[in-house]
Amino acid sequence: MPSLGRLHLITDTRPGRDPLTVVRAALTVARADLVVQVRVEDSATDREAYDLARRVLALCQPYEATCLVNDRLHVALAVGAAGGHVGADDLPVTAARRVLGPTGVLGATARAPETANAAVAAGASYLGVGPCHPTSTKSGLPDPIGPTGVRAVADAVDVPVIAIGGVTAAHVRELRAAGAYGVAVVGALSAAADPAQATATLIEALTC
């Protein structure tokens, strides 16, 4: 498995957002410390997902940054991404591991020690744990688990835990103290006036 960066940027493809510009800005600062998770709206076609993932991968390669595709593992394979991430309503982790093969990076969503352990046993390379804080970037999420919930999962597994959900730079230190290996963000970068500066602030918080 490639070395996993501590800052995960999830692409924001909602109307009015410019995911490629944000990815470019973040890469110039974070370089190989960045993992870009290509996520598209449920209404997006596979062709749209493929086109975005292909462009993101091309941006990542010169920096040796990791590119993953959320949910649509066939798109990850089609573009040659390092792997993918599956949520609670996507393919089971065992099936996702079969799709990606033994060496692909496979992230899985968890919010409790029991589901976290099951995901790791089924082949997850890392866990996206949350939501940690309230967020408006995705609807239908359960209540936030906070740093206490992150710690419960981090203490139960031996794979990297990536805290997600309403994460800003101000939250990073407490999440790292709770055992998170890194954080995943959407709005903290996609809504930033200066995504490069916002990336620098997040990276500084992650490495302190």
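First, a word on what this report is: a plain description of the structure on this page. Nothing here was measured: the structure is a model prediction, and the numbers come from that model.

## Points about the sheet that holds strand S6 (residues 126–129)
Strand order around the closed barrel formed by eight strands is S1-S2-S3-S4-S5-S6-S7-S8, with parallel pairing between neighbours. Pairs of neighbouring strands in the sheet enclose a mean axial angle of 25°, with direction left out of account. Summarising the sheet, strand S7 (residues 161–164) and strand S8 (residues 182–185) pair through three bridges and their orientation is parallel. Across the sheet, Ile-162 pairs through a bridge with Gly-182, a residue of S8. Sitting on the sheet, helix H4 (residues 93–100) touches strand S4 (83–86) and strand S5 (105–110), and the angle it makes with S5 is about 165°. Along the sheet, helix H6 (residues 146–154) makes contact with S6 and S7, crossing S7 at roughly 160°.

## Focus: helix H9 (residues 195–207)
Compared with the 18 Å implied by 1.5 Å per residue over 13 residues, the 18 Å span of H9 between its first and last C-alpha is a close match. Listed in full, the buried residues belonging to H9 are Pro-195, Ala-198, Thr-199, Leu-202, Ile-203, Ala-205 and Leu-206. The buried residues of H9 all sit within an arc of 160° when viewed along its axis, so they share a single face. On its buried side, H9 packs onto strand S1 (7–10), helix H1 (19–30), helix H7 (169–177), S8 and helix H8 (187–190).

## Focus on the nonpolar core
Counting residues in hydrophobic clusters, the biggest one holds 61 residues, and the most contacted among them are Leu-127, Val-150 and Val-183. The residues contacting Leu-127, other than those within four sequence positions of it, are Ala-108, Ala-110, Ala-116, Ala-119, Val-120, Val-153, Val-157, Val-159, Pro-160, Val-161 and Ile-162.

## Quick look at the packing of aromatic side chains
Tallied over the entire structure, the rule returns zero aromatic pairs. The lysine or arginine in question, Arg-6, covers the ring of Tyr-181, its NZ or CZ lying 4.1 Å from the ring centre.

Calculation notes
- Residues numbered from 1 in each chain as written.
- Predicted model: local features only at pLDDT ≥ 70, side-chain atom pairs only at ≥ 80, totals over all residues.
- Heavy atoms only, no water.
- Pairing = 2+ DSSP bridges.
- Helix = DSSP H or I, 4+ residues; strand = E, 2+ residues; numbered from the N terminus.
- Axes fitted to C-alpha atoms, helices over the stretch in contact; angles between N-to-C directions.
- Contact = heavy atoms within 4.5 Å.
- Expected span 1.5 Å × (residues − 1).
- Buried < 20%, exposed > 50% of the residue type's maximum accessible area, 1.4 Å probe, protein only.
- Arc of directions from axis to C-beta.
- Core = buried A, V, L, I, M, F, W, Y, C linked by side-chain atoms within 4.5 Å.
- Phe/Tyr/Trp six-rings, centres within 6.5 Å; stacked < 30°, edge-to-face > 60°.
- Lys NZ or Arg CZ within 6 Å of the ring centre and 35° of its normal.

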